[in-house]
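An overview of the molecular structure
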Amino acid sequence: AHDRLILVGDSTMASSTGYGDALCSRLTPETACLNLARGGRSSGSFRAEGRWDEVTGLLRDGAAYRRTYVLIQFGHNDQPGKPGRSTDYATEFPVNMTRYVEEARALGAVPVLVTPLTRRSFRQGYVQDDLAPWAGTVRKIAAATGTPLVDLNALSLAAVQAMGPQEADKLARTGANFDHTHVGPLGAQRFSDIVARELLRKVPD
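Every chain is numbered on its own, with residues counted from 1 as its sequence reads. pLDDT decides what is reported in this predicted model: residues at 70 or higher carry local features, side-chain atom pairs at 80 or more are listed and counted, and totals for whole chains, interfaces and linings draw on all residues regardless. Excluded from the side-chain calculation are hydrogens and water; included are all heavy atoms of the structure.

1. A few points about the overall build of the protein
So the rule is basically this: Helix and strand labels come from DSSP, where a helix needs a run of H or I of at least four residues and a strand needs a run of E of at least two; each type is numbered from the N terminus. Taken over C-alpha atoms, the radius of gyration is set against a globule rule of 2.2 Å times the number of residues to the power 0.38. Buried means the residue's accessible area, taken with a 1.4 Å probe over protein chains only, is under 20% of the maximum for its type, while exposed means over 50%, and partly exposed covers the values in between. Residues are treated as being in contact if the distance between any of their heavy atoms lies within 4.5 Å. By the counting scheme adopted, Arg and Lys are positive, Glu and Asp are negative, and His together with the chain ends is not counted. The location of each charge is read from NZ of Lys, CZ of Arg, CG of Asp or CD of Glu.
Helix and strand content of the protein: seven helices and seven strands. Counting helices and strands in the order they occur from the N terminus, the protein gives β-α-β-α-α-β-α-β-β-β-α-β-α-α. Whereas a compact globule of 205 residues would reach a radius of gyration of roughly 17 Å, the protein reaches 16 Å, a difference of no more than 12%. Its C-alpha atoms put the protein at 50 × 40 × 30 Å along the principal axes. Split into buried and exposed, the 205 residues of the protein put 50% on the buried side. Residue pairs at least 24 apart in sequence account for 75% of intrachain contacts in the protein once pairs closer than 6 positions are excluded. Of note, the protein has its 24 positive side-chain charges centred 2 Å away from the centre of its 22 negative side-chain charges.

This is how it looks when you write it as structure tokens:
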């Protein structure tokens, strides 16, 4: 029996705007990888739309797999100013993230928490760490629940800071789609590499 990886998150992990597909392509061919991350979703709306139900259905039906790992990454759309998606930082966000961990575990899966990918906006030479509070909350939940953590926020922030604004801009999508949040092919490669290496450390199985 082989393993399975299910990706749950927002646009920074989703197909064509995030690193998720590039991560899937790094796995051995016999490992199943489903990128169920979707653009614009928060820890609240992903569940409200029934997308988490799809994940739990897959987990209930997981007898064919030796182990299923669920990578969970939210934060970007939980921030204020996203109508219908923002969550209350102090109450809803931590509760939502903890529930994902507990429910995945209850269905026999191995949850892995991922702190949100950094934005690549510089101010006076420094990357703006606007997702720090959400990343910090995810770190606390990982510690409290004994869940493996990929601290993508810290690792991607350090990588982007080291490369500087001009190099960092090459990680974006090109043309009219350019922004400092989503990634093109180069960004997908760089960040999936960081996640893959960290998974080897934190989830050696």
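2. Description of the packing of aromatic side chains
What counts, and what does not: Any Phe, Tyr or Trp ring, taking Trp's six-membered ring, that has another such ring centre within 6.5 Å forms a pair; planes under 30 degrees apart are called stacked, those over 60 apart edge-to-face, and the others tilted.
This structure, assessed with the given rule, holds four aromatic pairs. Relative to Tyr100, the ring of Trp52 has its centre 4.7 Å away and its plane inclined at 65 degrees; by these criteria the two rings are edge-to-face. Taken together, the residues span a long stretch of sequence, with Trp52 in helix H3 (residues 51-60) and Tyr100 in helix H4 (residues 92-106) at a distance of 48 residues. An aromatic cluster of at least three residues, connected via ring pairs, comprises Phe46, Trp52, Phe74 and Tyr100.

3. A word on the nonpolar core
Rule in force here: As used here, the term nonpolar core means buried Ala, Val, Leu, Ile, Met, Phe, Trp, Tyr and Cys residues forming a set that is joined through side-chain atoms within 4.5 Å.
Of all hydrophobic cores here, the largest spans 30 residues; its most connected members are Tyr19, Leu23, Leu71, Leu152, Phe191, Val195 and Leu199. Looking at this core element by element, the count peaks at six residues for helix H6 (residues 152-169). Discounting chain neighbours no more than four positions away, the residues touching Leu23 are Leu5, Leu7, Leu71, Ser192, Val195, Ala196 and Leu199. Counting residues in hydrophobic clusters, the runner-up holds 22 residues, among them Leu36, Leu59, Ala104 and Val138.

4. Regarding the side chain of Gln79
Note the following rule: Distance and chemistry together define a polar contact, namely a pair of N or O atoms within 3.5 Å, with one atom able to donate a hydrogen and the other to accept it when in protein, and with adjacent residues in sequence counting only for side-chain atoms on both sides.
By the element assignment, Gln79 lies in the loop between strand E3 (65-73) and H4. Engagement of the side chain of Gln79 in a polar contact is seen with the side chain of Arg119, the distance being 2.8 Å. Once residues lying within four places of it in the same chain are set aside, the contact partners of Gln79 are Ser86, Arg119, Asp130, Leu131 and Trp134.

5. Thoughts on the packing of H6 against helix H7 (residues 185-202)
Just so we agree on the cut-off: Inter-axis angles, ranging from 0 to 180 degrees, are taken between N-to-C directions of lines fitted to C-alpha atoms, where helices are fitted over the stretch in contact. In what follows, roughly perpendicular refers to angles from 65 to 115 degrees, roughly parallel to angles under 35, roughly antiparallel to angles over 145, and oblique to any angle outside these ranges. Take the far helix as your reference; a near helix turned counterclockwise from it by less than a right angle gives a left-handed crossing, and one turned clockwise gives a right-handed crossing. Residue type decides the class: Asp, Glu, Lys and Arg count as charged, Ala, Val, Leu, Ile, Met, Phe, Trp, Tyr, Cys and Pro as nonpolar, and the leftover types, Gly among them, as polar.
Look at H6 against H7: their axes get within 10 Å of each other, and the N-to-C directions meet at 135 degrees. Between H6 and H7, the angle is such that the two are oblique. Crossing of H6 against H7: the hand is right-handed. Together, Leu152, Leu155, Ser156, Ala159, Val160 and Met163 of H6 and Arg190, Phe191, Ile194, Val195 and Glu198 of H7 make up the contact between the two elements. Considering only residue class, the contact of H6 with H7 consists of eight nonpolar, one polar and two charged.

6. Focus on H3
Rules: To be clear, the arc concerns the directions from the helix axis to the C-beta atoms.
Inspection of H3 places Trp52, Val55, Thr56 and Leu59 among the buried residues, and these make up the whole buried set. On an axial view of H3, the arc spanned by its buried residues comes to 95 degrees, and they lie on one face. Counted as exposed and oriented over 90 degrees from the buried face of H3: Asp53 and Arg60. On the buried face of H3, the contacting elements are strand E1 (2-9), helix H2 (45-48), E3 and H4.

7. So, the pairing of E3
Where we set the bar: When DSSP locates at least two bridges between a pair of strands, those strands are taken to pair. Clockwise travel from the first strand over the helix to the second, with the strands pointing away from the viewer, marks a crossover as right-handed.
In terms of strand pairing, E1 meets E3 through eight bridges, oriented parallel. Residue pairing in the sheet places Ile6 in a bridge with Val70 of E3. Pairing geometry for E3 and strand E4 (residues 110-114), over four bridges, is parallel. Its bridge partner being in E4, Ile72 is matched across the sheet by Leu113. A crossover connection joins E3 to the parallel E4 through H4; in handedness this β-α-β unit is right-handed.

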